[in-house]
Amino acid sequence: TFNNSAHAEIQVEVKEGGQFTLSEVLFHPNPMQDSGHFTYFLAEAANQVRIRVYSLAGRLIDELEGPARLGYNQVEWTTPQALANGSYLYQIQVSRPEGSLVQQSGVLQVMK
């Protein structure tokens, strides 16, 4: 080795297991005209994913079932025919294998 020595250092961060992450929740395009996509990232496979769209008054507009696989997921949504322009709330709810629920909410705009 011709008297060439080397020194290397690695730092490892260990986190507590069992933490579930639903992240990168997004609706695109926002504002939308006729259709768009709910996107989300799952850090582990889930039992079930439900996507609900509500009016600002809390009335359920639509309910979808999304893929529950590990990683990036995308669900297409087409607006109901009689849906008026305006702001709507959406909620993505994930059912974990041990029975607990994780959810995130957002706002989408409809402009026809």
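Residues numbered from 1 in each chain as written. Predicted model: local features only at pLDDT ≥ 70, side-chain atom pairs only at ≥ 80, totals over all residues. Heavy atoms only, no water.

Participant: Can you walk me through the pairing of strand 6 (residues 86–95) in this structure?
Facilitator: Put simply, side chains in a regular strand alternate between the two faces of the sheet. Judged by how many residues are buried, strand 6 sits mostly within the fold: seven of 10 residues are covered. Relative to strand 7 (residues 101–110), strand 6 runs antiparallel, the two being bridged by 10 bridges. Within strand 7, the residue paired with Leu89 across the bridge is Val107. (Buried < 20%, exposed > 50% of the residue type's maximum accessible area, 1.4 Å probe, protein only. Helix = DSSP H or I, 4+ residues; strand = E, 2+ residues; numbered from the N terminus. Pairing = 2+ DSSP bridges.)

Participant: Would you mind showing me how to read the sheet that holds strand 3 (residues 48–54) here?
Facilitator: One key point about sheets: their strands pair by backbone hydrogen bonds, in either a parallel or an antiparallel sense. Taking strand neighbours across the sheet as the criterion, the four strands line up as 4-3-6-7 in an open arrangement whose pairing is antiparallel. Edge positions in the sheet fall to strand 4 (60–66) and strand 7, since each of these pairs with one other strand and no more. Between one strand axis and the next, the sheet turns by 20° as a mean value, whatever way the strands run. (Axes fitted to C-alpha atoms, helices over the stretch in contact; angles between N-to-C directions.)

Participant: When you look at the side chain of Asn73 in this model, what are you seeing that I'm missing?
Facilitator: Looking at the secondary structure, you find Asn73 in strand 5 (residues 71–78). Overall, Asn73 belongs to the buried group, its relative accessible area being 0%. There is a polar contact of 2.9 Å between the side chain of Asn73 and the backbone oxygen of Gly71. In contact with Asn73, not counting residues within four places along its chain, are Phe38, Thr39, Tyr40, Leu42 and Pro67. (Polar contact = N/O pair within 3.5 Å; in protein donor to acceptor, adjacent residues only side chain to side chain. Contact = heavy atoms within 4.5 Å.)

Participant: What is the right way to read the sheet that holds strand 2 (residues 35–42) from this model?
Facilitator: With antiparallel pairing, the three strands of this open sheet are ordered in space as 1-2-5. Bordering the open sheet on either side are strand 1 (22–28) and strand 5, each of which pairs with just one other strand. Between one strand and the next, the sheet's axes are offset by a mean angle of 15°, whatever the strand orientation. Across five bridges, strand 1 lies against strand 2 in antiparallel orientation. When the bridges of strand 2 are listed, Leu22 appears paired with Leu42.

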